[in-house]
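Geometric and topological summary
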Amino acid sequence: MLTINPKEVSTGKLHQYLLGAVAPRPIAFASTIDEEGNPNLSPFSFFNVFGANPPIMIFSPARSVRNNTTKHTLDNVEKIKEVVINIVNYDIVQQMSLSSTMYPKGVNEFVKAGLTMLPSEEVKPFRVAESPVQFECKVNDIIYTGNEGGAGNLIVCEVVKVHIKEEVLNEEGLIDQYKIDLVSRAGGSFYSRARDGFFEIPKPLSTLGVGVDQIPDPIRNSTVLTGNNLGVLANVEALPNAEVVDNFAQEHPEYLGLSEEKKHTFAQQYLDKNDVESAWKVLLINR
């Protein structure tokens, strides 16, 4: 048996052991605003519910293991003590993953991830309209566990309003675990789909994905491509250039002259095989 003294291994390696062993973990898709009213949206898997009377949730935007920086979410709730915790299901998991990209302060992750800002009723931060359950919360306390990289910052939230999509409810008016199709986080690039088991999502680029807002309108407004499809397409550093697309079109004349719907269908098939580059080339033919 491997035995580890936490003080004798690097923080990065200990972090991997902890996240690989303590899994699957629910995901808090946290929406906050800064003092200027700029929205921020980011997922955190150090999260759970800790009481019902009062209803308390805690999540932790930990300090970066790599460079000891703090998350914009933490910076925001220190000033504006409100947050919306949106629940992640399979339908929005790729967009959720894209939003975890370290975009500069002031960049709206709702826009980058192609998600809809829905006004809250009791707090200032926006809800994620696509999320099946949204918890509007007031921040009661922040517990700082340390000052070094990897240290947790426990944000203690009291739920002041809950919004649940009726489509995930059963006949008794309670949440149906099959209908809600929840997703949780594990170690590395692994996630778990509660009703089906493990799957992988490549981590967002260490550079910056272009974001859903940079996808051409006919693609972004597709009737074929899903939100998850758009999230994958948006997690590229740059779109293929015209020469690359033209070369691809010459090699695949079967994609010439197709309707938008047909092209989107073929691109989706490439995405199902994790071939994002070819999907983009199909989409950009004749554009």
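For the structure given in this document, a descriptive report is provided here.

What counts and what doesn't
- Residues numbered from 1 in each chain as written.
- Predicted model: local features only at pLDDT ≥ 70, side-chain atom pairs only at ≥ 80, totals over all residues.
- Heavy atoms only, no water.
- Helix = DSSP H or I, 4+ residues; strand = E, 2+ residues; numbered from the N terminus.
- Buried < 20%, exposed > 50% of the residue type's maximum accessible area, 1.4 Å probe, protein only.
- Contact = heavy atoms within 4.5 Å.
- Areas by Shrake-Rupley, 256 points an atom, 1.4 Å probe, with all protein chains shown as cover.
- Lys, Arg positive; Asp, Glu negative; His and termini not counted.
- Charge placed at Lys NZ, Arg CZ, Asp CG, Glu CD.
- Axes fitted to C-alpha atoms, helices over the stretch in contact; angles between N-to-C directions.
- Parallel < 35°, antiparallel > 145°, perpendicular 65-115°, else oblique.
- Nonpolar A, V, L, I, M, F, W, Y, C, P; charged D, E, K, R; others polar.
- Core = buried A, V, L, I, M, F, W, Y, C linked by side-chain atoms within 4.5 Å.
- 1 Å grid on protein atoms, 1.4 Å probe; cavity = no way out; pocket = protein on both sides within 12 Å on 5 of 7 lines; lining within 4 Å.
- Points joined across faces, edges and corners; volume = space filled by probe spheres on them.
- Salt bridge = Lys/Arg side-chain N within 4 Å of Asp/Glu carboxyl O.
- Pairing = 2+ DSSP bridges.

1. Topic: the overall build of the protein
Counting its regular elements, the protein contains 10 helices and 12 strands. For the protein, buried positions account for 46% of its 287 residues. Looking at the protein alone, contacts between residues at least 24 apart form 63% of all its contacts between residues at least 6 apart. Accessible surface, the protein: about 15000 Å² in total, of which carbon and sulfur atoms supply 51%. Within the protein, one finds 26 positive and 36 negative side-chain charges whose respective centroids are separated by 4 Å.

2. Some words on the packing of helix H9 (residues 260-272) against helix H10 (residues 276-284)
Where H9 contacts H10, the two axes come as close as 8 Å, and the packing angle between them is 175 degrees. The pairing of H9 with H10 is recorded here as roughly antiparallel in orientation. Contact with H9, carried on its side by Lys 263, His 264, Phe 266, Ala 267, Tyr 270 and Leu 271, involves Val 276, Ser 278, Ala 279, Val 282 and Leu 283 of H10 and no other residues of that element. A class-by-class count of the residues in the contact of H9 with H10 yields eight nonpolar, two polar and one charged.

3. Considerations on the packing of helix H8 (residues 242-251) against H10
Packing of H8 against H10 leaves a shortest axis separation of 9 Å and a crossing angle of 90 degrees. When the axis of H8 is compared with that of H10, the two are roughly perpendicular. Residues Val 244, Val 245 and Phe 248 of H8 form the contact with H10, whose own contacting residues are Ser 278, Lys 281, Val 282 and Leu 284. Residue composition of the contact of H8 with H10, by class: five nonpolar, one polar and one charged.

4. Quick notes on the nonpolar core
Ile 215, Ile 219, Leu 225, Leu 230, Leu 233, Trp 280 and Leu 283 are the most contacted members of the largest nonpolar core, which totals 24 residues. Contributions of two or more residues to this core are made by helix H7 (227-234), H8, H9 and H10. At five residues, H10 tops the list of elements feeding residues into this core. Leu 230 has contacts with Val 212, Ile 215, Ile 219, Arg 220 and Leu 225, leaving out every residue within four places of it along the chain. Ranked by size, the runner-up nonpolar core spans 21 residues in total, among them Ala 28, Met 57, Val 77 and Val 133.

5. Observations concerning empty space enclosed by the protein
One pass over the structure, following the stated rule, counts one cavity of 30 Å³ or more. Lining the largest cavity are Asp 34, Asn 38, Pro 39, Asn 40, His 72, Asn 76, Lys 105, Gly 106 and Val 107. Secondary-structure elements contributing two or more residues to the lining of the largest cavity are strand E2 (39-44) and helix H2 (72-79). Residues of the lining of the largest cavity, tallied by class, amount to two nonpolar, five polar and two charged.

6. Focus on the pattern of salt bridges
Evaluation of the coordinates by the stated rule reveals 13 salt bridges. Each member of the salt-bridge network shares a partner with another, and the members are Asp 181, Arg 193, Arg 195 and Asp 196.

7. Observations concerning the sheet that holds strand E5 (residues 82-87)
Taken in spatial order, the seven strands make up an open sheet running E2-E1-E5-E8-E9-E4-E3, and their pairing is antiparallel. What marks the edges here is a single partner per strand, and that holds for E2 and strand E3 (47-52). Across the sheet, the axes of successive neighbouring strands diverge by a mean angle of 30 degrees, strand direction being ignored. Across the face of the sheet, H2 comes into contact with strand E1 (28-33), E2, strand E4 (55-59), E5, strand E8 (133-144) and strand E9 (153-164) while running at roughly 80 degrees to E8.

Any link to function would need more than the numbers given here.
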